[in-house]
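# Observations on the model geometry
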Amino acid sequence: HLEMQQGEAEEATAADEFLAARRAQRRRKQGILPVENLPPAEVARRMFLAGCLGLPILWIVAAVNYRDALLEGRRPGDGSQDPELRRWALRSAVGAVVAVSALISWIILFQFKWQDWHMEALLVS
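Residues numbered from 1 in each chain as written. Predicted model: local features only at pLDDT ≥ 70, side-chain atom pairs only at ≥ 80, totals over all residues. Heavy atoms only, no water.

Counted under the stated rule, the structure contains three aromatic pairs. Residues F48 and W88 carry aromatic rings whose centres are separated by 5.5 Å and whose planes lie at 50° to one another, so their mutual orientation is tilted. One end of the pair, F48, is in helix 2 (residues 40-52); the other, W88, is in helix 5 (residues 83-113), and 40 residues separate them in sequence. Taking relative accessible area as the criterion, F48 reaches 15% and is therefore assigned buried. Its guanidinium or amino end placed over the ring of W88, R91 lies 4.5 Å from that ring's centre, counting from NZ or CZ. (Phe/Tyr/Trp six-rings, centres within 6.5 Å; stacked < 30°, edge-to-face > 60°. Helix = DSSP H or I, 4+ residues; strand = E, 2+ residues; numbered from the N terminus. Buried < 20%, exposed > 50% of the residue type's maximum accessible area, 1.4 Å probe, protein only. Lys NZ or Arg CZ within 6 Å of the ring centre and 35° of its normal.)

Laid out in structure tokens, this is it:
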């Protein structure tokens, strides 16, 4: 009998822990997706990696959002910013400059060469 009571107590404890975890998960939800309180360096890292996966606009957003970390090396100060945050923000800024430069280069090249490339089918009339 004692073993059955212990087993039932363990099952009740496991169920209580599961329900408590579910309640905590619901409380953490903000908007549609559950968002944890991540450190800024982790957010900057994720934004950089998402930019590498084909969303370079996130590089621009990260560079603007963490511009204080980017500019810290140029200002005299105590250096209180996280060096990892600065590293990821700098990578995002470089990626943004490269992506915008490539886009502008492509636009200029296409504007001058579309007739030589016989792209008249792209014209909307």
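Alright, that's what it looks like, and here's the rest.
The interhelical angle for the contact between helix 3 (residues 57-65) and helix 5, taken along N-to-C directions, is 135°, at an axis separation of 8 Å. Viewed along their axes, helix 3 and helix 5 adopt a mutual orientation that is oblique. Crossing hand, helix 3 versus helix 5: left-handed. Seen from helix 3, the contacting residues are W59, I60, A62 and A63; seen from helix 5, they are S92, A93, G95, A96, A99 and V100. Looking at the contact of helix 3 with helix 5 residue by residue, the classes come out as eight nonpolar, two polar and no charged. (Axes fitted to C-alpha atoms, helices over the stretch in contact; angles between N-to-C directions. Parallel < 35°, antiparallel > 145°, perpendicular 65-115°, else oblique. Left-handed = near helix turned anticlockwise from the far one by under 90°. Contact = heavy atoms within 4.5 Å. Nonpolar A, V, L, I, M, F, W, Y, C, P; charged D, E, K, R; others polar.)

Inspection of every chain in the model, using the stated rule, returns three salt bridges. Note that E42 and R46 form a salt bridge whose closest N and O atoms lie 3.0 Å from each other. Linking E42 with R46, this pair stays in helix 2, spanning four residues, or about one helical turn. The closest approach of N and O atoms between D116 and K113, which form a salt bridge, is 4.0 Å. (Salt bridge = Lys/Arg side-chain N within 4 Å of Asp/Glu carboxyl O.)

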